[in-house]
Amino acid sequence: MSTTAMTPQAFEQALRDKGAYYHIHHPYHVAMHSGTASKEQIRGWVANRFYYQINIPMKDAAIMANCPDRDIRREWVQRMLDHDGLQGDDGGIEAWLRLAEAVGLERQQVLSGELVLPGVRFAVDAYVNFARRASWQEAASSSLTELFAPHIHQSRLDAWPQHYPWIDERGYEYFRKRLSEARRDVEHGLSITLAHYTTYEQQQRMLEILQFKLDVLWSMLDAMSMAYELNRPPYHSVTGDRVWHRGLGV
Ligand SMILES: O=C(O)c1cc(C(=O)O)c2c(n1)C(=O)C(=O)c1cc(C(=O)O)[nH]c1-2
């Protein structure tokens, strides 16, 4: 087995090759893209993904809290502002709530988190907890599934209006906004990553970190498939009520 470190170019290519496991290939996502997803499946995805959206800035705050490098923090803080917004810019979380309304969900119900499935919650929490405990460089590099995100956002902009004319067009602003934001994030995340992982062992660890993040995204859709495709939400064999917990806030 070779233990020679990859060149930065080969390492970047190895990271990009992980795109083969991106959630764009998950059957739930494929169904949404091909137009076969039901209203309930689209709504379920939007309501559950909201939990990811609200946790991203907390994940980024955890990275900043562990980072002693002022220059890095000055750049990283933009990610929190992208989602939380600031004076004169509502930000991504608000844009996601508008997407929720555009697909026919009540803003209050989405905010309450009552539709968030336990499996989605556990996957997202695993990502935030990783960011809290890992070094800031490892946590920063785990954002690199974003390498593949502009493509997935663009694919929604291209396909959804044709397949789902019942979705209000104004809901698509989030995806449009992320096209440029994700590209900028990737540039920064990649420069940190290529500088930090220089030995063979470190590079293998980074590939494992990226796989962990891919697993987070894939597992979220697995939970949604159970609930909204197979009609087996948690406790379905016992009750039709949403009895699962709403988050313990720890
Ligand atoms: O819609 C998607 O498929 C998707 C995927 C990802 C990703 O790959 O983690 C992100 C986003 N969207 C996104 O909108 C976003 O703001 C974002 C931030 C991050 C991150 O890890 O810091 N990932 C993603």
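What counts and what doesn't
Residues numbered from 1 in each chain as written. Predicted model: local features only at pLDDT ≥ 70, side-chain atom pairs only at ≥ 80, totals over all residues. Heavy atoms only, no water. Near = heavy atom within 4 Å. Polar contact = N/O pair within 3.5 Å; in protein donor to acceptor, adjacent residues only side chain to side chain. Areas by Shrake-Rupley, 256 points an atom, 1.4 Å probe, with all protein chains shown as cover. 1 Å grid on protein atoms, 1.4 Å probe; cavity = no way out; pocket = protein on both sides within 12 Å on 5 of 7 lines; lining within 4 Å. Sits in = over half its atoms within 2 Å of the grid points. Helix = DSSP H or I, 4+ residues; strand = E, 2+ residues; numbered from the N terminus. Nonpolar A, V, L, I, M, F, W, Y, C, P; charged D, E, K, R; others polar. Points joined across faces, edges and corners; volume = space filled by probe spheres on them. UniProt positions renumbered as here; feature names shortened; annotations may be inferred. Expected span 1.5 Å × (residues − 1). Bend = angle between axes of the 7 residues up to and from the residue. Buried < 20%, exposed > 50% of the residue type's maximum accessible area, 1.4 Å probe, protein only. Contact = heavy atoms within 4.5 Å. Core = buried A, V, L, I, M, F, W, Y, C linked by side-chain atoms within 4.5 Å.

**Some points on the site of the ligand**
Neighbouring the ligand are 18 residues, the closest being Tyr22, Tyr52, Lys59, Tyr127 and Tyr174. Here an oxygen atom of the ligand and a side-chain polar atom of Arg156 are 2.7 Å apart. Between an oxygen atom of the ligand and a side-chain N or O atom of Arg178, the distance comes to 3.1 Å. Relative to its unbound accessible area of 470 Å², the ligand is 99% covered by the protein chains. If you map the ligand onto the pockets, it falls in the largest cavity. Elements supplying a minimum of two residues to the shell around the ligand: helix 3 (39-65), helix 9 (149-163), helix 10 (173-196) and helix 11 (200-229). Looking at the shell around the ligand, the element that brings in the most residues is helix 3, giving four residues. Of the residues that constitute the shell around the ligand, the class distribution is seven nonpolar, five polar and six charged.

**A word on empty space enclosed by the protein**
All chains considered together, the criterion is met by two cavities of 30 Å³ or more. In this model, the largest cavity occupies a volume close to 260 Å³. Taken together, 23 residues form the lining of the largest cavity, with Tyr52, Ile56, Glu146, Ala149 and Arg178 sitting closest to its centre. In terms of residue count, the dominant contributor to the lining of the largest cavity is helix 3 (six residues). Classifying every residue of the lining of the largest cavity by side-chain character gives eight nonpolar, six polar and nine charged. Approximately 30 Å³ is the volume attributed to the second largest cavity. Looking at the second largest cavity, the residues that line it are His23, Trp45, Arg49, Leu217, Met220, Leu221 and Met224.

**With respect to the UniProt feature "domain: Thiaminase-2/PQQC" (unreviewed entry) in the protein**
The UniProt record annotates "domain: Thiaminase-2/PQQC" (unreviewed entry) at residues 14-222. In the segment residues 14-222, helix accounts for 75% and strand for 0%; the C-alpha atoms at its two ends are 25 Å apart.

**Remarks on helix 9**
The end-to-end C-alpha distance of helix 9, which contains 15 residues, comes to 21 Å, matching closely the 21 Å that a straight helix rising 1.5 Å per residue would cover. At Leu157, helix 9 shows its maximal bend, which comes to roughly 25°, and the proline Pro161 appears one to four places after that position. Within the sequence span of helix 9, burial applies to Ala149, Pro150, Ile152, His153, Ser155, Arg156, Leu157, Ala159 and Trp160. In the core, the buried residues of helix 9 are packed alongside helix 2 (27-34), helix 3 and helix 10.

**Re the nonpolar core**
Soluble globular proteins tend to pack their nonpolar side chains together in the buried interior. Within the largest apolar cluster, 67 residues are counted, with the highest numbers of intra-cluster contacts made by Trp45 and Trp160. The set of elements that each furnish at least two residues to this core consists of helix 1 (8-17), helix 2, helix 3, helix 5 (91-102), helix 7 (118-133), helix 9, helix 10 and helix 11. When residues in this core are grouped by element, the largest group, 13 residues, is from helix 11. Once you skip the residues sitting within four places of it in the chain, Trp45 turns out to touch Tyr28, Met32, Trp96, Arg156, Trp160, Phe175, Leu221 and Met224. Judged by nonpolar contacts, the second largest core, of 12 residues, contains Met64, Trp76, Met80 and Trp136.

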